[in-house]
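If you want the building blocks of each chain, they are given just below.
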Amino acid sequence: MNLDLLTVDSARTAVLEKETTATALADAFYKKIEAEDGAIGAYLTLCKERAYRQAARIDALADKGDDLPPLAGVPVAIKDVFTTKDVRTTAGSKILADFIAPYDATVVSRLEDAGAIILGKTNCDEFAMGSSNENSGFHPVHNPRDRTRVPGGSSGGSAATIAAGTAVASLGSDTGGSIRQPAAFCGVVGLMPTYGRVSRYGLIAFASSLDHPGPFGKTVRDAALMLQAIAGRDPLDSTTADVPVPNYREQIGQPVTGLKVGVPPEYFDEGLDSEVRAAVEFGIQELKQAGAEVVPISLPHTPYAIPTYYVIATAEASSNLARYDGVRYGLRVGEGKTLSEMYRRTRDAGFGAEVKRRIMLGTYVLSAGYYDAYYLKAQRVRSLLARDFDEAFTKVDVIVTPTAPTPAFKLGEKTDDPLAMYLADIFTVTADLAGIPGISIPCGKSKEGLPIGMQILGRHFDEATVLRVAHVAEHALAAKVY
Amino acid sequence: MVSEKDVSYVADLAHLELTDEERIRMLKDLNSILGYIDRLNQLDTSNVEPMAQVASRYGERKGEVMRSDETRPSLPREEALRNAPVSDGTFFKVPKVIER
């Protein structure tokens, strides 16, 4: 069995039809991880005991000849920002290096209820803050397509497991592009669902109004099947919406004839890499060939998205990260003479440079005298960015853009310039701010052989149309990608 | 412009100490990022409502946001204390609380 070619459906079918067992599949993946992940660094923690327990449960079901749940036996990886009961959960931070979570995130228990086998926890930028995975408190991840390059971030480990074939599907979180951008850099599919579609319960918070859990897969279908398992209202997250979850399997495979595809010139400006431009324009032509109507639209406030994002995300982060104080869990440094001395020593030692930078920026924009000028201003511009999309979606069904302005950059290339790093998210932050769904699919390769991603954005809670368009584009572009 | 004094003030609010080296770097980075953020002032937003979160714009689940105030199972004390760096088995322990 070639593990690199396994998909969600083929893994499940292999277990259902007794070509293999869930236990044997888990064995094979752990062997591959042990042989190959050292050079990639995608995993931080393996949870074999838990994986084999679940595999045994699936094998028992298969032995009885019962029909199997939709993800039965599918080996998956989980970004280490989701809590996993009795398994180390670090958020990529030294401040949580020894944290053993006392409960499961909703997405984790839903995946296991659907039959998935959780192999382990994946590396990421510390507290999901970064665009290259170089901010991991442990070690960077190398892009499996070119090991001298970054896998993107912050869910770089989860994207890399799919590109390296060390998991069939995985989970990430997207706050400013952290699923879609690494999907583009690693040449895999990454889906950010609508805000409120997937529960954040057990997702270690970075920016609560922007954090979106979502899946990675080799194919659009795999991403859709993963979404099916995790989507829907959760009483434990009051921001999840009580909106019916359609059957995504039925939606994909539908033609795109008559659908309107919006193309905004703001995403194709002079800063865009010429090879990325050519690949995405080719993808748009393929959608036209497939029967979609291409409509020019405008998203005029796009140039203001990055500054808006870095005010709101850091403000929320400075508040969310106040909880790491050495009292209830995590690192504690020095007893100190006073409580506040202990807080400061703990936080100085536990947080990395980027996290400190964002806590400082967020604290500054919320501080007396600057709140209106920065935080409230950014919230007003957020309304304008959301309105741009509202307006566009009265004219079109989806919007197609590049996912990132360049293919994967070299390790170390941007680590000294935080602003240059932030601009890697220029085409992805807008959807997080508006809360709309988006997917990145591979749409070609650069001359150097680096993957290029195409982004498809849709209306709130209309992942079905996004997946449908992505599926048609994926098949039309297969020759360019592989 | 952010000054060295601002860096100290904000570090204090954020419960960070920061080394001298980190402070120099922070001053440079904050000024560079805030300089970029200043482009938001090109926009007139005097008649635009601030948007704090997504769900409120779409009005799902009107009136259902509040749940009933009922006792529900929660983490047992032992579990809640399991990750505590220092505890006496009943409470979290902290250094003496004396304000700076």
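No experiment lies behind these values; they were computed from the predicted model shown. (Residues numbered from 1 in each chain as written. Chains lettered and ligands numbered in written order. Predicted model: local features only at pLDDT ≥ 70, side-chain atom pairs only at ≥ 80, totals over all residues.)

With respect to the overall build of chain B
Within chain B one finds 4 helices and 0 strands. Secondary structure elements of chain B, listed N to C terminal, follow the sequence α-α-α-α. Sorting the 100 residues of chain B into buried and exposed places 15% on the buried side. (Helix = DSSP H or I, 4+ residues; strand = E, 2+ residues; numbered from the N terminus. Buried ≥ 20, exposed ≤ 12 C-beta atoms within 10 Å, placed from the backbone.)

What about the packing of helix H9 (residues 274-289) of chain A against helix H16 (residues 463-481) of chain A?
Residue and element names in this part refer to chain A. Two elements in contact, H9 and H16, have axes separated by 9 Å at closest approach and are oriented at 105°. In terms of their interaxial angle, H9 and H16 are classed as roughly perpendicular. Residues Gly283, Glu286 and Leu287 of H9 touch H16, and the partners they reach there are Val469, Val472, Ala473, Ala476 and Leu477. When the residues that make up the contact of H9 with H16 are grouped by side-chain class, the tally is 6 nonpolar, 1 polar and 1 charged. (Axes fitted to C-alpha atoms, helices over the stretch in contact; angles between N-to-C directions. Parallel < 35°, antiparallel > 145°, perpendicular 65-115°, else oblique. Contact = placed C-beta atoms within 7 Å. Nonpolar A, V, L, I, M, F, W, Y, C, P; charged D, E, K, R; others polar.)

What to know about the environment of Met342 of chain A
Inspection of the secondary structure puts Met342 of chain A in helix H11 (residues 339-350). For the pair Met342 of chain A and Arg332 of chain A, spaced 10 residues apart in sequence, the C-alpha to C-alpha distance is 7.5 Å. If we skip the residues at most four places from it in the chain, Met342 of chain A touches Gly326, Arg332, Gly334, Glu335 and Gly336 of chain A together with Pro95 of chain B.

Remarks on the domain arrangement of chain A
Residue and element names in this part refer to chain A. Domains assigned within chain A are domain 1 (3-251) and domain 2 (260-299 + 395-481). Of note, the centres of domain 1 and domain 2, computed from C-alpha atoms alone, are 23 Å apart. Between domain 1 and domain 2, the residue contacts involve 42 residues of the former and 39 residues of the latter. Among the secondary structure elements, those contributing two or more residues to the side of domain 1 that touches domain 2 are helix H6 (180-186), strand E5 (189-192), helix H7 (220-230) and helix H8 (248-251). Here the element with the most residues in the side of domain 1 that touches domain 2 is H6; it accounts for 6 residues. Looking at the side of domain 1 that touches domain 2 residue by residue, the class counts come to 19 nonpolar, 15 polar and 8 charged. (Domains from an automatic or database assignment.)

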